[in-house]
Amino acid sequence: METVLNLFIEFLANVAILVLVPMLFVWLKDKIGEANAKRLTDIIIELVKAAEQLYPGLKMGDKKLEYVYERLADYGITEVNDELRAKIEAAVYDYTRYL
């Protein structure tokens, strides 16, 4: 009887591992993705602040954007897409609305 109970408990533990481990990997992947997205946003905010200081004035937008893209490339971010551009524009908006 004790052997059957031990086998049953071992079976339940194995089933739990088979179910929980993939769920854990998905959860960790999501958390890492969130952390990376937050880090990217923080980097963009700092780069926008720097660009605004380096190139003051309203007619310097292209220079500011070029600066941000060049510094992002230093971080290995070279692909410009709509999401990245939106993050940059949001950072510019947040920075300039208090000026």
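The preceding data block contains the structure.
Keep in mind it's a predicted model, so treat the numbers as computed, not measured.

J.: It is not clear to me how the environment of Lys49 should be interpreted in this structure. Could you clarify?
T.: Relative to the assigned elements, Lys49 resides in helix α1 (residues 2-54). Measuring from C-alpha to C-alpha, the distance between Lys49 and Tyr95 comes to 7.0 Å, with 46 residues separating the pair along the chain.

J.: Looking at this model, I keep getting lost on the packing of helix α2 (residues 61-74) against helix α3 (residues 82-96). Mind explaining?
T.: Two measures define how a pair of helices packs: the angle their axes make with one another and the distance between the axes. Contact geometry for α2 and α3: axes closest at 12 Å, N-to-C directions at 120°. Taken as axis vectors, α2 and α3 run oblique relative to one another. Here the hand of the crossing between α2 and α3 comes out right-handed. Here α2 contributes Leu65, Val68, Tyr69 and Leu72 to the contact with α3, which in turn contributes Leu84, Arg85 and Ile88.

J.: Would you mind showing me how to read α1 here?
T.: The periodicity of an α-helix, 3.6 residues per turn, causes residues three or four places apart in sequence to face the same way. Taking 1.5 Å of rise per residue, the 53 residues of α1 would be expected to cover 78 Å, and the 75 Å separating its terminal C-alpha atoms lies within 8% of that figure. Listing the buried residues of α1 in full gives Leu40, Ile43, Ile44, Leu47, Val48, Ala51 and Glu52. Packed against the buried residues of α1 are α2 and α3.

J.: When you look at the packing of aromatic side chains in this model, what are you seeing that I'm missing?
T.: Centre distance and the angle of the planes are the two values used to describe a pair of aromatic rings. Following the criterion strictly, the structure yields one aromatic pair and no others. Their ring planes at 65° and their centres at 6.4 Å tell us that Tyr55 and Tyr67 sit as a pair that is edge-to-face. Of the two residues, Tyr55 sits in the loop between α1 and α2 while Tyr67 sits in helix α2, which places them 12 residues apart along the sequence.

J.: Is there a simple way to think about a nonpolar patch on the surface in this case?
T.: A surface patch of nonpolar side chains, amounting to about 990 Å² of accessible area, comprises Leu5, Phe8, Ile9, Phe11, Leu12, Val15, Leu18, Val19, Leu20 and Met23. Tracing the backbone through its elements, the reader meets Leu20 in helix α1.

J.: Got a minute to help me understand the side chain of Lys64 in this structure?
T.: Residue position: Lys64 is located in helix α2. Taking relative accessible area as the criterion, Lys64 reaches 11% and is therefore assigned buried. Side-chain polar atoms of Lys64 contact the side chain of Glu52, separated by 2.9 Å. Look past the residues within four positions of Lys64 in its chain and what remains in contact with it is Ala51, Glu52, Tyr55 and Gly57.

The rules behind these values
Residues numbered from 1 in each chain as written. Predicted model: local features only at pLDDT ≥ 70, side-chain atom pairs only at ≥ 80, totals over all residues. Heavy atoms only, no water. Helix = DSSP H or I, 4+ residues; strand = E, 2+ residues; numbered from the N terminus. Axes fitted to C-alpha atoms, helices over the stretch in contact; angles between N-to-C directions. Parallel < 35°, antiparallel > 145°, perpendicular 65-115°, else oblique. Left-handed = near helix turned anticlockwise from the far one by under 90°. Contact = heavy atoms within 4.5 Å. Expected span 1.5 Å × (residues − 1). Buried < 20%, exposed > 50% of the residue type's maximum accessible area, 1.4 Å probe, protein only. Phe/Tyr/Trp six-rings, centres within 6.5 Å; stacked < 30°, edge-to-face > 60°. Patch = residues over 30% accessible without salt bridge, like charges linked within 9 Å, V, L, I, M, F, W, Y side chains within 5 Å. Areas by Shrake-Rupley, 256 points an atom, 1.4 Å probe, with all protein chains shown as cover. Salt bridge = Lys/Arg side-chain N within 4 Å of Asp/Glu carboxyl O. Polar contact = N/O pair within 3.5 Å; in protein donor to acceptor, adjacent residues only side chain to side chain.

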